[in-house]
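Structural overview
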Amino acid sequence: MIDKIKLAAAGVLVALGLWGYYWLAEAALVLRILSVVAGIVAGAAVAWFSAPGREFALFAAEALVELKKVVWPTRKETMQTTAAVFAFVVVMAVFLWLSDKTLEWVLYDLVLGWKKS
C-alpha cells in the first residue's frame, strides 16, 4: 500500500511540474522548462524509493549490461543495408506504378472504352 502511495505522489509531482509550466506562462522559457524538469526529477526521486522503482532500476541496470553485449554493425554494413532498403523501395514503387497504369489502361480503355484525349 505504501508503494502505491509513493507512486501516486510521484505522479502528482510530475503533474505539478507540468502545471507549473502553464502557470508560469508569462515567465521566461527557462523557468517553465525548469518547472517540468524539477517535477520529473522529484517524481523520479520519490518513485525510486518504492519497490517498483527499485525493480525498474535493477531492470535498467541489467538492460545496460545486455546493451554492452550487442555487436553493432559496422558503417559499411549499415550503408549496404540502407542501400538495399532504398533499392527495394524504388523497385516496389516502379512495380506499383506499372500495376496502377496497367489496371488503368485495362479498365478505362479496354473495358469501359473511355479514351483519354
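Preceding this paragraph is the structure being described.
Residues numbered from 1 in each chain as written. Predicted model: local features only at pLDDT ≥ 70, side-chain atom pairs only at ≥ 80, totals over all residues. Heavy atoms only, no water.

**Brief notes about the overall build of the protein chain**
Test applied: A run of DSSP states H or I qualifies as a helix once it reaches four residues; a run of E qualifies as a strand once it reaches two. Both are numbered from the N-terminal end. Radius of gyration means the value over C-alpha atoms here, while the globule rule gives 2.2 Å times the residue count to the 0.38 power. In what follows, a contact means two residues having at least one pair of non-hydrogen atoms within 4.5 Å. Only the protein chains shown count as cover for residues, and all accessible areas are computed by the Shrake-Rupley method using a 1.4 Å probe. Note on charges: Lys and Arg go in the positive column, Asp and Glu in the negative column, and His and the chain ends are not counted at all. The atoms used to mark charge sites are NZ of Lys, CZ of Arg, CG of Asp and CD of Glu.
Per the secondary structure count, the protein chain includes four helices and zero strands. Beginning at the N terminus, the succession of helices and strands in the protein chain can be written as α-α-α-α. For the protein chain, the C-alpha radius of gyration of 28 Å lies well beyond 13 Å, the compact-globule estimate for 117 residues. The contacts in the protein chain between residues at least 6 apart in sequence include a share of 48% that link residues at least 24 apart. For the protein chain, the exposed surface amounts to about 9800 Å²; the carbon and sulfur share of it is 76%. Side-chain charges in the protein chain split into 11 positive and 9 negative, and the spacing between the mean points of these groups amounts to 4 Å.

**Side note on a nonpolar patch on the surface**
Short version of the rule: Patch rule: a residue counts if its relative accessible area is over 30% and it has no salt bridge; like charges are joined within 9 Å, and nonpolar side chains (Val, Leu, Ile, Met, Phe, Trp, Tyr) within 5 Å. Here, a salt bridge means any Lys or Arg side-chain nitrogen found within 4 Å of an Asp or Glu carboxyl oxygen.
Judged by side-chain polarity, Leu103, Trp105, Leu107, Tyr108, Leu110, Val111, Leu112 and Trp114 come together as a nonpolar surface patch covering roughly 880 Å² of accessible area. Summarising the element assignment, Leu112 is placed in the segment after helix H4 (75-111).

**Remarks on the side chain of Ser50**
To keep things clear, this is the line we draw: Buried residues are those whose accessible area, probed at 1.4 Å on protein chains only, stays under 20% of the maximum for their type, while exposed residues exceed 50% and partly exposed ones sit between those limits.
With respect to the helices and strands, Ser50 occurs in the loop between helix H2 (29-48) and helix H3 (51-69). By relative accessible area, Ser50 is classed as buried at 0%. Those residues in contact with Ser50 that lie beyond four places of it in its chain are Asp3, Lys6 and Leu7.

Everything listed is a geometric property; what it means functionally is a separate question.
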